[in-house]
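If you want the building blocks of each chain, they are given just below.
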Amino acid sequence: MDKKYLFSPGPTMLPPEVLLKMAEPIMHHREPEFERIFAEIREGLKCLFQTKNEVLIFTSSGTGAMEGAVSNLLSKGDKALVVRGGKFGERWGEICKAYGIEFIPIDVDWGKAVDPKQVQKALDSNPSIRAVYTQASETSTGAKHPIREMAEIVKKYEETVIVVDAITGIGVFNIPMDEWGIDVLISGSQKALMLPPGLAFAALSDKAWKFVERSNLPKYYFDFKKELKSAQKNQNSFTPAISLFVGLRESLNLIRKEGLEAVFRRHEKLAEATRAAVKALGLELYAPDSPSNALTAVKVPEGIPGGKLKSLFFEKFGITVAGGQDQAKGKIIRIAHLGYYGRLDMVMVISALEMLLKEMGYAFELGTGVKAVEEILMK
Ligand SMILES: *Cc1c(COP(=O)(O)O)cnc(C)c1O
């Protein structure tokens, strides 16, 4: 029998509670029952995003909300600053380009976090920058960016907002939107929210809503103003992914029951155990200085082809891990631990890693990584 496990940083594994809810007969999205669910979801999302403002929900993958955060915030002739430390940072630049927005990139070496001083410098020398686009956690490299520090800097500029793609940050580590002064905070369903792909989320500060008021870039489906009006009536502007909404209510319930603080601590523990294990095996982290608790990117040892290791995970154990993209292709594997993951899941994935490395000729003592995981979990 082939039992399958997802250890990819999206989509992630799903709790049975959520799966069962989504399997129920579908309801109509203009019925009072759906509106009640919508109202509950709105409250749950505000707690999760740690904001008093509305969290907009779109039926799309996470990139939809990213696109909306360009087309709704900016106007023709505006300039943007883009933190480009991996594939998702590059995506911000690509979206800007598609909307004719000139952007200044801050290119960060893959695996590194951006230095907030560079943001300060760029804003000082380019007063026409209206928005700073960044990731909280750059999923392609496993690095975490200093959001609090960047938000602190951008706050001083009345005519500039900070937009944070926290698709692998929200529900993983603390990003209190209002407290830190984040202007736009974005998430997606298939990561720490323990849902299938298909929903994107965006919350806006009062400052950001002023940008939306004057924005003149074209938009239709991802129209933040239109969606805000609908949300306030517990509606979507278009047919929402109804089953995902029903699942979302359940996953938000699970998060609320565990408690946000406990959710963050669990992710920290899983991440810490995974990092300790790969180090004990003599492997290096791809983002050693500022690793995200969402996933662990591991450098594949010399002489071992990363692509092969990734496919053996699946062939031998039914485990999906992610490989590297572009310049990291074949050089890293990425092990996710965001969302519905418990302590013993990490024992399993590290055990599989050990067996595969052994088979591929890497020299170490079997059990070294598993032992390191157990030691962290017992602390
Ligand atoms: C998954 C992810 C996205 C969204 O990708 P989609 O394929 O559109 O869901 C965006 N940013 C980051 C950092 C991600 O991890």
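These figures come from a predicted structure and were not determined experimentally. (Residues numbered from 1 in each chain as written. Predicted model: local features only at pLDDT ≥ 70, side-chain atom pairs only at ≥ 80, totals over all residues. Heavy atoms only, no water.)

### Details of helix 3 (residues 62–71)
Burial within helix 3 is extensive, with 8 of its 10 residues counted as buried. Residues Gly-62, Gly-64, Ala-65, Met-66, Gly-68, Ala-69, Val-70 and Ser-71 constitute the buried set of helix 3. In this structure, the buried side of helix 3 is in contact with helix 4 (87–98), strand 5 (129–135), strand 8 (161–165), strand 9 (184–188), strand 10 (199–204) and helix 9 (224–231). (Buried < 20%, exposed > 50% of the residue type's maximum accessible area, 1.4 Å probe, protein only. Helix = DSSP H or I, 4+ residues; strand = E, 2+ residues; numbered from the N terminus. Contact = heavy atoms within 4.5 Å.)

### Section: the domain arrangement of the chain
By domain assignment, the chain separates into domain 1 (5–11 + 260–377) and domain 2 (16–257). Placing a centre on the C-alpha atoms of domain 1 and another on those of domain 2 gives a separation of 28 Å. Contacts between the two partners involve 26 residues from domain 1 and, on the opposite side, 28 residues from domain 2. Both sides together, the interface formed by domain 1 and domain 2 hides about 2200 Å², and carbon and sulfur atoms give 63% of it. In this structure, the connection of domain 1 to domain 2 is made through 1 salt bridge. Among the salt bridges present, the one from Lys-87 reaches Asp-326, with a minimum N-O distance of 3.0 Å. Summed over the shared surface of domain 1 and domain 2, the number is 5 residue pairs in polar contact (both at pLDDT 80 or more). Listing elements by their share of the side of domain 1 that touches domain 2, those giving two or more residues are helix 11 (260–280), strand 11 (295–299) and strand 13 (332–336). No other element matches the 4 residues that helix 11 contributes to the side of domain 1 that touches domain 2. Taken together, the residues of the side of domain 1 that touches domain 2 sort by class into 15 nonpolar, 8 polar and 3 charged. (Domains from an automatic or database assignment. Buried area = accessible area lost by both parts, 1.4 Å probe. Salt bridge = Lys/Arg side-chain N within 4 Å of Asp/Glu carboxyl O. Polar contact = N/O pair within 3.5 Å; in protein donor to acceptor, adjacent residues only side chain to side chain. Nonpolar A, V, L, I, M, F, W, Y, C, P; charged D, E, K, R; others polar.)

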